[in-house]
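Topology and contacts: notes
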Amino acid sequence: MKFIDEAKINVQAGHGGKGCVSFRREKYIPRGGPDGGDGGKGGDIIFEATTRMSTLLDFKYKQSFKAKYGQHGMGAMKNGRAAIDLVVPVPVGTVITDTDTGDILADMTQDGEAVVIAKGGRGGKGNTFFTTSTRQAPRFAQEGEEGEIKNIHLELKLLADVGLIGEPNAGKSTFISVVSQARPKVANYPFTTLEPVLGVVKHKEANPFVITDLPGLIEGAHAGKGMGDRFLKHAERTKILCHLVSLSPEETRPALERFQCIENEVKSYFKNPEQRQKIIVLTKIDLVDEDFVQETIDEFRTNNIEGDIIAISSATQKNINELLNTLLKNLDTTRATSD
Ligand SMILES: Nc1nc2c(ncn2[C@@H]2O[C@H](COP(=O)(O)OP(=O)(O)OP(=O)(O)O)[C@@H](O)[C@H]2O)c(=O)[nH]1
Ligand SMILES: [Mg+2]
């Protein structure tokens with residue numbers, strides 16, 4: 001199944017019901033007064049976040065949503081019934097934007113959160129409402145108001161705890177397949193991963209957490225090179241970013257240089273990259289000797305690169321537990337501070 005992370009749809013809330021023009025007709029009252037009731041309100045369009053959906057795939061098949069009309073007013077002072085609202089479920093993590101104004105209408109982060117996206121029109125007043133001492137028999141009533149019509153852009157931002165970023169071939173997919181049930185394709189060529197993949201990590205007794213493996217980044221990604229930065233939005237809300245850097249001897253440029261290059265891409269994308277916890281993960285250390293690993297770490301440090309640096313091998317599982325422990329420790333602290 002293709003991963004659909006964006007959709008364009010339109011919504012139309014219900015029209016309000018018409019007010020009614022009516023006069024009382026009773027057997028022995030020849031000229032009864034006005035008794036037209038008000039129209040009912042049109043249905044709202046309400047978006048509701050749910051964890052039962054994980055993609056925007058449904059919107060590929062249905063792009064138009066209309067709520068019902070309010071009932072018209074009736075004689076004998078009977079008001080029309082308000083229409084039932086139309087509830088549209090979207091996955092948690094969906095951001096809803098008005099395409100015409102560019103306004104963000106809602107940012108659905110909680111299961112069950114519901115937001116009115118288009119308001120139904122008010123019902124029109126019946127002729128009873130317009131009766132005054134000088135106008136005892138109004139022969140008019142109000143039309144119902146139109147329901148709001150909007151063009152909407154939906155965007156799904158995955159809510160993972162940890163985002164894996166790095167160059168193509170850095171070993172991101174291999175790592176996620178070692179620590180979770182996710183099985184993204186792994187291969188020795190760039191851009192093997194074309195869509196974000198989520199994996200749930202169950203480590204020790206702790207609460208499971210979610211990792212996302214993102215397509216590789218290259219220099220110029222923020223300007224659209226390679227896969228570009230279009231998937232980075234999935235990492236935007238992760239609490240921790242793991243930046244993976246391959247130490248494989250096949251690499252032609254120094255690790256530090258490649259690291260800084262991707263960091264620049266990330267900086268030009270994120271609004272406040274410094275607020276996010278970052279862990280530097282040196283990968284494929286089974287292919288090099290320990291001295292080389294230590295020299296690389298020293299080089300990062302002499303260039304004032306701070307934060308945890310962990311050197312791993314997904315092939316031999318070396319330091320995988322250490323990395324997971326560090327992730328857990330940092331998630332605990334970020335959870336504690338954000339709650
Ligand atoms: N020796 C060794 N090879 C590894 C290790 N981790 C990954 N590789 C190899 O490196 C290559 C790339 O790995 P992937 O996991 O597909 O890399 P990726 O970062 O997901 O790459 P993209 O999806 O293209 O961005 C594959 O041939 C893997 O088998 C490791 O720890 N040791
Ligand atoms: Mg991959």
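Residues numbered from 1 in each chain as written. Chains lettered and ligands numbered in written order. Predicted model: local features only at pLDDT ≥ 70, side-chain atom pairs only at ≥ 80, totals over all residues. Heavy atoms only, no water.

**Focus: the overall build of the chain**
This is how the line gets drawn: Secondary structure follows DSSP: runs of H or I at least 4 residues long count as helices, runs of E at least 2 residues long count as strands, and numbering of each begins at the N terminus. What the globule rule says is 2.2 Å times the number of residues to the power 0.38, and the radius of gyration is computed from C-alpha atoms. Only protein chains enter the accessibility calculation, which uses a 1.4 Å probe. A residue is then buried if its area is under 20% of the maximum for its type, exposed if over 50%, and partly exposed in between. We call two residues in contact when some of their heavy atoms are within 4.5 Å. Counting rule for charge: Lys and Arg are taken as positive, Asp and Glu as negative, and neither His nor the chain ends is counted. Think of each charge as sitting on NZ of Lys, CZ of Arg, CG of Asp or CD of Glu.
What the chain contains, in helices and strands, is 5 helices and 14 strands. A compact globule built from 339 residues should have a C-alpha radius of gyration of about 20 Å, whereas the chain, at 29 Å, is more than 25% larger. Each principal axis of the C-alpha atoms in the chain carries an extent, and together these give about 110 × 40 × 35 Å. For the chain, buried positions account for 49% of its 339 residues. Across the chain, every contact between residues at least 6 apart in sequence was considered, and the portion connecting residues at least 24 apart equals 72%. Side chains of the chain carry 43 positive and 46 negative charges; the gap between the two charge centres is 13 Å.

**Description of helix 2 (residues 172–179)**
Across the 8 residues that make up helix 2, a large majority, 6, are buried. Of the positions making up helix 2, those classed as buried are Lys172, Ser173, Phe175, Ile176, Ser177 and Val179.

**Observations concerning the coordination of the magnesium ion (ligand 2)**
Selection criterion: Only nitrogen, oxygen and sulfur atoms qualify as donors, and only when within 2.8 Å of the metal (3.2 Å in the case of Na, K and Ca); with water excluded, sites may look incomplete.
Protein coordination of the magnesium ion (ligand 2) is provided by Ser173 (OG) and Thr193 (OG1), with donor distances spanning 1.9 to 2.1 Å. With Ser173 in helix 2 and Thr193 in the loop between helix 2 and strand 10 (197–201), the pair connects residues that are 20 residues apart, well separated along the chain.

**Topic: the domain arrangement of the chain**
Applicable threshold: Domain limits in this description derive from either an automatic procedure or a database domain assignment.
Looking at the assigned domains, one finds that the chain contains domain 1 (6–156) and domain 2 (162–338). Placing a centre on the C-alpha atoms of domain 1 and another on those of domain 2 gives a separation of 48 Å.

**Some remarks on the side chain of Thr326**
The criterion, for reference: Pairs of N or O atoms are called polar contacts if they sit within 3.5 Å, as long as, within protein, a hydrogen donor faces a hydrogen acceptor (for residues adjacent in sequence, only side-chain-to-side-chain pairs).
As for its position among the elements, Thr326 is in helix 5 (residues 320–338). Within the structure, Thr326 has its side chain in polar contact with the backbone oxygen of Glu322 (distance 2.8 Å). Setting aside chain neighbours within four positions, we find Thr326 in contact with Ile279, Asp308 and Ile310.

**Focus on the pairing of strand 1 (residues 6–12)**
We count it as follows: By this definition, two strands are paired if DSSP reports at least two bridges between them.
Alternating residues of strand 1 divide into Ala7, Ile9 and Val11, all buried, and Glu6, Lys8, Asn10 and Gln12, none buried. One ladder, built from 3 bridges, connects strand 1 with strand 3 (residues 64–66); its direction is parallel. Paired with Gln12 across the two strands is Lys66, which belongs to strand 3.

**A word on the packing of helix 3 (residues 255–269) against helix 4 (residues 290–302)**
Test applied: Angles run from 0 to 180 degrees between N-to-C directions of axes, and those axes are lines fitted to C-alpha atoms, restricted for helices to the stretch in contact. Any angle that falls under 35 degrees is termed roughly parallel, while one over 145 is termed roughly antiparallel, one within 65 to 115 roughly perpendicular, and all others oblique. Less than a right angle of anticlockwise turn of the near helix away from the far helix marks a crossing as left-handed, whereas a clockwise turn marks it as right-handed. Residue polarity is assigned by list, with Asp, Glu, Lys and Arg as charged and Ala, Val, Leu, Ile, Met, Phe, Trp, Tyr, Cys and Pro as nonpolar; anything else, Gly included, falls into the polar class.
Close contact between helix 3 and helix 4 brings their axes to 10 Å; oriented N to C, the two are set at 50 degrees. With respect to helix 4, the element helix 3 is oriented oblique. As helix 3 runs across helix 4, the sense of the crossing is right-handed. Together, Ala255, Leu256 and Phe259 of helix 3 and Thr296, Glu299 and Phe300 of helix 4 make up the contact between the two elements. Along the lines of polarity and charge, the residues of the contact of helix 3 with helix 4 split into 4 nonpolar, 1 polar and 1 charged.

**Here we look at the sheet that holds strand 6 (residues 104–108)**
Across the sheet, 5 strands lie side by side as 3-1-8-5-6; this open sheet has mixed pairing. Edge strands, defined here as strands with exactly one partner in the open sheet, are strand 3 and strand 6. Each neighbouring strand pair of the sheet contributes to a mean axis angle of 25 degrees, computed without reference to strand direction. Inspection of the sheet shows strand 1 paired to strand 8 (residues 149–156) by 7 bridges, in the antiparallel sense.

**A look at the site of ligand 1**
Stated precisely, the cut-off is as follows: We define proximity as follows: a residue is near a molecule or strand when any one of its heavy atoms falls within 4 Å of that partner. Calculation of accessible area relied on Shrake-Rupley with a 1.4 Å probe; when residues are assessed, cover is drawn exclusively from the protein chains displayed.
Surrounding ligand 1, one finds 23 residues, the nearest of these being Lys172, Ser173, Thr174, Thr193 and Asp286. Within the backbone of Thr192, an N or O atom sits 2.9 Å from an oxygen atom of ligand 1. Between ligand 1 and the protein, one listed contact pairs an oxygen atom with a backbone N or O atom of Ser314 at 2.8 Å. Here ligand 1 loses 87% of its free accessible area of 650 Å² to cover by the protein chains. For the shell around ligand 1, the residue count by class is 9 nonpolar, 10 polar and 4 charged.

**Section: a negative patch on the surface**
Which entries qualify depends on this criterion: Only residues above 30% relative accessible area that lack a salt bridge enter a patch, with like-charged residues linked at up to 9 Å and the nonpolar side chains Val, Leu, Ile, Met, Phe, Trp and Tyr linked at up to 5 Å. We define a salt bridge as a contact between a side-chain nitrogen of Lys or Arg and a carboxyl oxygen of Asp or Glu at a distance within 4 Å.
Taken together, Asp289, Asp291, Glu295, Asp298 and Glu299 make up a surface patch of like negative charges. With respect to the helices, strands and loops of the structure, Asp298 is situated in helix 4.

**Considering the pattern of salt bridges**
In this structure the tally under the stated criterion is 10 salt bridges. As a salt-bridge pair, Asp161 and Lys239 come within 2.7 Å of each other at their nearest N and O atoms. Here Asp161 is found in the loop between strand 8 and strand 9 (162–166), whereas its partner Lys239 is found in the loop between strand 11 (209–213) and strand 12 (240–246), with 78 residues between them in sequence. Using a relative accessible area of 31% as the deciding quantity, one classes Lys239 as partly exposed. Measuring nitrogen to oxygen at the nearest pair gives 3.4 Å for the salt bridge that ties Glu167 to Arg258. Of this pair, Glu167 sits in the loop between strand 9 and helix 2 while Arg258 sits in helix 3, and the two are 91 residues apart along the sequence.

**A word on the side chain of Thr97**
Within the secondary structure, Thr97 sits in strand 5 (residues 94–98). When sequence neighbours within four positions are dropped, the list of residues in contact with Thr97 reads Gly102, Asp103, Ile104, Leu105, Asn151, Ile152 and His153.

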